[in-house]
Every structure is written in structure tokens, then in C-alpha cells.
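# Overview (structure and organization)
Below, each chain spelled out in residue letters.
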Amino acid sequence: MIIYSATKRQFKEDVVLNRISDLIRNNLKEHGLSGGSISEYRSWQNSLHFMRDVIDDPEIPENVMVAIEYQIPGTSKRVDFMMIGADQSGHINIMIIELKQWYRAEKVADEMLHSVRAYTGNAYRIVSHPSYQAYSYAVLIKNFSDQIQNEHISIIPCAYLHNYDPNYINALNDEIYKVWYDE
């Protein structure tokens, strides 16, 4: 289930007119889904303005579709931001963008080699590396959808940490995470 879906043009308008967070929160309520707390609302306000700036690129067609808070079927997981459109050869692509407002993160050498320590939810917590999180969402979506498999739709996962201090980038780019950020 997609909580918000629009063309790039409509998304930009919803952000500029400062109605995007209300639309998302209201759609969550209409579908009887949890979410929309004040902290989540503020994160939409913050992160989606950055995403508007990112996609406000003339090389990205105005009719590219934007999806926000896509609930992955059979899970409680929601994808923050997706763009769906055809490339120059007409091949359909889905870009998954995991949004983080982190200022910094620290390496955690756990057994799975996909955890970091970051300030989130008003405390430092051990959480998934953003690249791993985006990758795992891509795998879940691909495995769930026969259409994606049968039509060979590409899913491109990535993460965007728009508040991240470049002085701490080595923690996220550490060699132990290479398999995830290469994906």
C-alpha cells in the first residue's frame, strides 16, 4: 500500500505549499495505519523539502511518479521515498530512497556487519546501516512481486542522509559495510 503517490510535479507543489506532511498523516489515518506522530510529521517536513530540491532537476521528467511511505506487503516496513519511471530505453526502474536525518553514526562490528550506532528516537541506538536497510527493502519488494520479476523491473536502493556531517562519513563507508553500500 502506498500512502502518498503523485507525479514529480504534484509532489513539488505539495511540498512548496507546505501540505505534504498533512496529506501523508491524513492518508495514514484513512487507511487505519499507525504513524504520524509529531516526530514523524516533523521528519516529513524536514526530509521531503530536501527531496524536493533533489528531484527538482530538469533531467528528471515531470511525470516521474513519487511514492512516499510505501508499506511493503506482509511486513510492518515502510519505504520512505520511491521514484518510479522509465529510463531512456523505456525500461521501468524503481528507486528506493531511505531518508535519514542523522548527524553522524558510529561503526558497530556485529556478526551480520550491517549495524551502526546513531542518534534516533531521542537516544543512541544500534540500528541498521541505511544502505543495508534500503537494500533489504529492495529484496523484500522484488521477492514479493511477480510483476517486478516477470517484467524485469529494476529496483535501485540508496540512502540519503541530508543532515550528515561529512567529518563522520568514514563510519558509514567502512569496509565492513562495503557489500551493502555497493548494492
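Please refer to the structure higher up on the page.
The sections below set out a description of the structure shown in this document. Starting from 1, residues in each chain are numbered consecutively following that chain's sequence as written. It should be noted that, the model being predicted, local features are given only for residues of pLDDT at least 70 and side-chain atom pairs only at 80 or more, the latter also being counted only at that level, while totals for whole chains, interfaces and linings use all residues. The basis for the side-chain values is all heavy atoms of the structure; hydrogens and waters are excluded.

## Examining the overall build of the protein
Starting at the N terminus, helices and strands are each numbered in turn, a helix being any DSSP run of H or I of at least four residues and a strand any DSSP run of E of at least two. Secondary structure assignment for the protein yields seven helices and eight strands. It is over C-alpha atoms that the radius of gyration is taken, and the globule rule equals 2.2 Å times the number of residues to the power 0.38. Radius of gyration (C-alpha) of the protein: 16 Å, near the 16 Å computed for a compact globule of 183 residues. With respect to the principal axes defined by its C-alpha atoms, the protein has extents near 40 × 40 × 35 Å. A burial count over the protein gives 42% of its 183 residues as buried. Residue contacts are defined here by distance: any two heavy atoms, one from each residue, within 4.5 Å place the two residues in contact. Of all intrachain contacts in the protein linking residues separated by at least 6 positions in sequence, the fraction that spans at least 24 positions is 59%. For the protein, the accessible area works out to roughly 10,200 Å², and carbon and sulfur atoms hold 49% of it. Positive charges come from Lys and Arg alone, negative charges from Asp and Glu alone, with His and the N- and C-terminal ends not counted. Here the site of a charge means atom NZ of a Lys, CZ of an Arg, CG of an Asp or CD of a Glu. Averaging the locations of the 17 positively and 24 negatively charged side chains of the protein gives two centres separated by 6 Å. Each residue gets one of three labels from its accessible area relative to the maximum for its type: buried under 20%, exposed over 50%, partly exposed in between, using a 1.4 Å probe on protein chains only. Only the protein chains shown count as cover for residues, and all accessible areas are computed by the Shrake-Rupley method using a 1.4 Å probe.

## Some details on the packing of aromatic side chains
Classification of ring pairs uses Phe, Tyr and Trp, with its six-membered ring standing for Trp, and accepts pairs whose centres are within 6.5 Å; under 30 degrees between planes counts as stacked, over 60 as edge-to-face, and the remaining range as tilted. In this structure the tally under the stated criterion is six aromatic pairs. Where F11 meets F81, the ring centres are 5.4 Å apart and the plane angle is 70 degrees; that geometry is what we call edge-to-face. Placement of the pair is F11 in helix 1 (residues 8-16) and F81 in strand 3 (residues 78-86), with a sequence separation of 70 residues. The pair formed by F11 and F81 is uniform in burial state, with each residue classed as buried.

## Describing the sheet that holds strand 3
Read across the sheet, five strands follow the order 1-2-3-4-8 without closing on themselves; strand pairing throughout is mixed. Each end of this open sheet is capped by a strand with a single partner; those strands are strand 1 (2-7) and strand 8 (154-161). Across the sheet, the mean angle from the axis of one strand to that of its neighbour is 20 degrees, orientation sign disregarded. One requirement defines pairing of two strands: DSSP has to find at least two bridges between them. Relative to strand 2 (residues 65-71), strand 1 runs antiparallel, the two being bridged by five bridges. Within the sheet, the bridge partner assigned to I2 lies in strand 2 and is Y70. Contacting strand 1, strand 2 and strand 3, helix 2 (residues 20-30) crosses the sheet at an angle of about 140 degrees to strand 1. To get an axis, a line is fitted to the C-alpha atoms, and for a helix only the part in contact is used. The angle between two axes follows their N-to-C directions and goes from 0 to 180 degrees.

## Description of the nonpolar core
By convention a nonpolar core is built from buried Ala, Val, Leu, Ile, Met, Phe, Trp, Tyr and Cys residues, the set being connected through side-chain atoms within 4.5 Å. Ranked by size, the top nonpolar core spans 21 residues in total, and within it F11, I20, I24, L48, I68 and F81 carry the most contacts. The dominant element in this core, judged by the number of residues it contributes, is helix 3 (residues 38-55), at five residues. If sequence neighbours within four positions are ignored, I24 has contacts with I3, Y4, W44, L48, I68 and E69. Y70, M82, I141 and I148 belong to the second-largest nonpolar core, a separate cluster that totals 14 residues.

## Here's the deal with the environment of Q10
Inspection of the secondary structure assignment puts Q10 in helix 1. Separated by 56 residues in sequence, Q10 and V66 place their C-alpha atoms 9.0 Å apart. Among all residues touching Q10, those that are not within four sequence positions of it are Y4 and R19.

## Looking at the side chain of R52
Topologically, R52 is positioned in helix 3. Setting aside anything within four residues of it in sequence, one finds R52 in contact with F11, K12, V15 and V16.

## Focus: the sheet that holds strand 7 (residues 123-128)
Taking strand neighbours across the sheet as the criterion, the three strands line up as 5-6-7 in an open arrangement whose pairing is antiparallel. Each edge of the open sheet carries a strand with a single partner, namely strand 5 (105-107) and strand 7. The sheet shows a mean angle of 30 degrees between the axes of neighbouring strands, direction not considered. Two strands pair when backbone bridges link them, and strand 6 (residues 115-120) and strand 7 are joined in this way by six bridges, in the antiparallel orientation.

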